[in-house]
Amino acid sequence: MGSITPTTTSSSEEDLTFPNLPPFPTDVPTVPLLRISLKNLLAGDPAEEEKLWRACCDLGFFYFDLRGGKGGDEDDESVDGDALLSVADRMFGLGEEVFALDGEVKEGFSMMGQNSYFGYKGYGAFVDRGGNKDRNEFWNISKDDILGIRKEPLPNPEVLMRGESRGLVKRYMLGSHALVSLILGVLNRRLGLPEGTLPSLHDLHTISGDQVRWVRSPPQPPSDRRSALGEHTDYGSVTILFNRLGGLQVLPPSDPPTWAYVKPLRGHCIVNLGDAMVKFTAGVLRSNIHRVANPPGAQAGETRLSLVYFNRPGDEVILKVLEGSEVIEERRRESGIDGEEGEGVTAKAWILNRAFGRAKGTEGDRLEKRDSGVAAS
Ligand SMILES: O=C(O)CCC(=O)C(=O)O
Ligand SMILES: [Fe+2]
């Protein structure tokens, strides 16, 4: 595992700041995530591929510079970094409209009420490991609903039923999934898995728990600040995250571990791996603990909105160590991980357990209490 030490942000960086927002402070610890260029990766640059591989093994978090990256051949999976950046911008606007709905209207689409992990989660509905209620609301949209893979359409408020909104969400999903497929293709190659293994476990057109999420956290009073979203690892495969305001923090594997901010960079998304990738690879790849704090410094009085695409294995995929890779086999031998571990657990069952792990009074909550694992989101 690499040693990644938090550093202090340098003020002489190229300008990657967000106009119209207070600046991210220069005096807080930040994680020096590797910056991978989509453009170079698409051009087949071996050094860029190596950087991506190292980031996924050492920390499981990296910046993806989307500017000027365009390529791929299949329609649905073609990559266009600049188009995705502008779609993400418009998605921030749509997210604001969604959260501006009346509380009662939002609660009518509650994920708890529907016993599903799509829809609305109200402020304070989940409880973290310390017993504290969260300080965010979020809204999840299913890939399969938007792509029409699910027969029964899911209930949605009018603002999300509009053709224009669904079209925008669809473009965001396709653009994000195309990035995921590209990343999975590189990891598949580096792991030496049989061709297409990872991408096919995460096929766009197969029913899965893939979802888009907006997370909204209002500013917290200076005298009473704590995590807006408690520490957790993501439980799926690959997460694509767009941040504008600071607040996201990572606990890098440094000694001693110290929370450090991920400074949002314009033109970039943040990519992190989830626990399914750790399971598939017997720990060759890493999913790192993170949380969301109140935005730091001059940003502290702002309402924070973030935009996420969670990619997960297809519902019927069994979560177990993958076969056919020497790299994984070697790690499995070294770590003594039992080949049968996780056998029989489908991605669907795994996700539902983890998704409701923080919901009060649910079966998931009881399961999570028995589980010594880190709280999930
Ligand atoms: O809002 C963010 O920056 C991160 C959100 C997150 O970690 C999650 O929803 O799992
Ligand atoms: Fe997360």
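Note that the structure is predicted; figures quoted are calculated from it, not measured.

The rules we used
Residues numbered from 1 in each chain as written. Chains lettered and ligands numbered in written order. Predicted model: local features only at pLDDT ≥ 70, side-chain atom pairs only at ≥ 80, totals over all residues. Helix = DSSP H or I, 4+ residues; strand = E, 2+ residues; numbered from the N terminus. Expected span 1.5 Å × (residues − 1). Buried ≥ 20, exposed ≤ 12 C-beta atoms within 10 Å, placed from the backbone. Arc of directions from axis to C-beta. Contact = placed C-beta atoms within 7 Å. pLDDT = per-residue confidence, 0-100. Axes fitted to C-alpha atoms, helices over the stretch in contact; angles between N-to-C directions. Parallel < 35°, antiparallel > 145°, perpendicular 65-115°, else oblique. Left-handed = near helix turned anticlockwise from the far one by under 90°.

Novice: Got a minute to help me understand helix α2 (residues 46-58) in this structure?
Specialist: An α-helix turns once per 3.6 residues; consequently, residues spaced three or four apart project the same way. Helix length check: α2, at 13 residues, gives a terminal C-alpha distance of 18 Å against a target of 18 Å (1.5 Å per residue), a fit within 8%. Buried within α2 we find Glu48, Leu52, Ala55 and Cys56. Down the axis of α2, the buried set is contained in an arc of 95°. They therefore lie on one face. In α2, the exposed positions that point more than 90 degrees away from the buried face belong to Pro46, Ala47 and Glu50. The elements touched by buried residues of α2 are β3 (35-37), α1 (38-42), β4 (61-65), α7 (163-191) and β14 (268-273). Once α2 finishes, Gly60 follows within two positions and takes phi at roughly 75°, a positive value.

Novice: Hey, could you run me through the confidence of the model for the protein in this one?
Specialist: As a note on interpretation, predicted positions should not be read in detail where pLDDT is low. Here the protein averages 88 in pLDDT, and 87% of its residues register 70 or above. This stretch, residues 5-12, has a pLDDT under 50; its non-local contacts, to residues over four places away or in other chains, come to 15 contacts. The ipTM assigned to the predicted complex is 0.99, against a pTM of 0.91.

Novice: So what exactly am I meant to see when it comes to the packing of helix α3 (residues 81-99) against α7 here?
Specialist: Each pair of packed helices can be described by the angle between their axes along with the distance between the axes. With their axes 9 Å apart at the nearest point, α3 and α7 run at an angle of 135° to one another. The orientation of α3 relative to α7 falls into the category oblique. Viewed along their axes, α3 and α7 form a crossing whose handedness is left-handed. Where α3 approaches α7, its residues Ala83, Leu84, Val87, Ala88, Arg90, Met91 and Leu94 are matched on the opposing element by Ser165, Leu168, Arg171, Tyr172 and Gly175.

Novice: Explain α7 to me, please; I cannot follow it from the model alone.
Specialist: Across its 29 residues, α7 extends 41 Å between first and last C-alpha, which sits within 8% of the 42 Å expected from 1.5 Å per residue. A positive phi of about 70° marks Gly192, the residue just after α7.

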